[in-house]
Structures are given as C-alpha cells and as structure tokens.
Amino acid sequence: MTPEQTKTADKMKSVKNTWDKAPAGPKKDAALKHYQAAEKAHTAKNDAETNKELDAATQALA
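Just so it is clear, the structure is predicted and the values come from calculations on it, not from any experiment.

1. Some details on the nonpolar core
Part 1: By size, the foremost hydrophobic cluster in this structure holds 11 residues: Met12, Val15, Trp19, Ala22, Ala31, Tyr35, Ala38, Leu54, Ala57, Ala60 and Leu61.
Part 2: For this core, the secondary-structure elements that each account for two or more residues are helix 1 (3–21), helix 2 (26–43) and helix 3 (47–61).
Part 3: At 4 residues, helix 3 tops the list of elements feeding residues into this core.

Pasting the structure below:
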C-alpha cells in the first residue's frame, strides 16, 4: 500500500471508532451513510472520494 492508501485506511478506522462511540440519533445515521459511501469508494480505490466522504461523516458527527 502507498502512504496515501495507508493514511486513508487509518482515517477510515478513526472515523469508524468515532462513529461507534457516538450516541444514536440523526447525526449518527447521517454519518453512517457517508461512511458507507467511503467504504464503497475505498473498495474502488478512489482515495479522493473516500476522504471526501470520511470528512463528511466526521462533520455529520460534530
């Protein structure tokens, strides 16, 4: 894996951990949609889209 891919994978783990700890509610639901989109983009090896969706998930949880 390239450093960029490793960084993206670490970011996914971080966002997932934050999501797991978040209380149930509309923010968590919105973040889940973005996280699932990030997983899909990550599978397609689209790091830019993955990071965009992870950032959106983080914002949704804020």
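There is more to say, and it comes next.
2. Focus: the packing of helix 1 against helix 3
Part 1: Where helix 1 meets helix 3, the closest approach of the two axes is 10 Å, and the angle between their N-to-C directions is 25 degrees. Here helix 1 is positioned roughly parallel relative to helix 3, judged by the angle of their axes. Between helix 1 and helix 3 the crossing geometry is left-handed. Here Glu4, Gln5, Thr8, Lys11, Met12, Val15, Thr18 and Trp19 of helix 1 come into contact with helix 3, specifically with Asp47, Thr50, Asn51, Leu54, Asp55, Ala57, Thr58 and Leu61.
Part 2: A breakdown of the residues in the contact of helix 1 with helix 3 according to their chemical character gives 6 nonpolar, 6 polar and 4 charged.

3. A closer look at unusual backbone geometry
Part 1: Positive phi, normally seen in glycine, also occurs at Lys45, with a value near 60 degrees.
Part 2: Topologically, Lys45 is positioned in the loop between helix 2 and helix 3.

4. Observations concerning helix 3
Part 1: Over its 15 residues, helix 3 runs 21 Å from end to end, which matches the ideal 21 Å to within 8%, given 1.5 Å per residue.
Part 2: By the burial criterion, the buried members of helix 3 are Asp47, Thr50, Asn51, Glu53, Leu54, Ala57, Ala60 and Leu61.
Part 3: Contacts made by the buried residues of helix 3 are with helix 1 and helix 2.

The rules behind these values
- Residues numbered from 1 in each chain as written.
- Predicted model: local features only at pLDDT ≥ 70, side-chain atom pairs only at ≥ 80, totals over all residues.
- Heavy atoms only, no water.
- Core = buried A, V, L, I, M, F, W, Y, C linked by side-chain atoms within 4.5 Å.
- Buried < 20%, exposed > 50% of the residue type's maximum accessible area, 1.4 Å probe, protein only.
- Helix = DSSP H or I, 4+ residues; strand = E, 2+ residues; numbered from the N terminus.
- Axes fitted to C-alpha atoms, helices over the stretch in contact; angles between N-to-C directions.
- Parallel < 35°, antiparallel > 145°, perpendicular 65-115°, else oblique.
- Left-handed = near helix turned anticlockwise from the far one by under 90°.
- Contact = heavy atoms within 4.5 Å.
- Nonpolar A, V, L, I, M, F, W, Y, C, P; charged D, E, K, R; others polar.
- Expected span 1.5 Å × (residues − 1).

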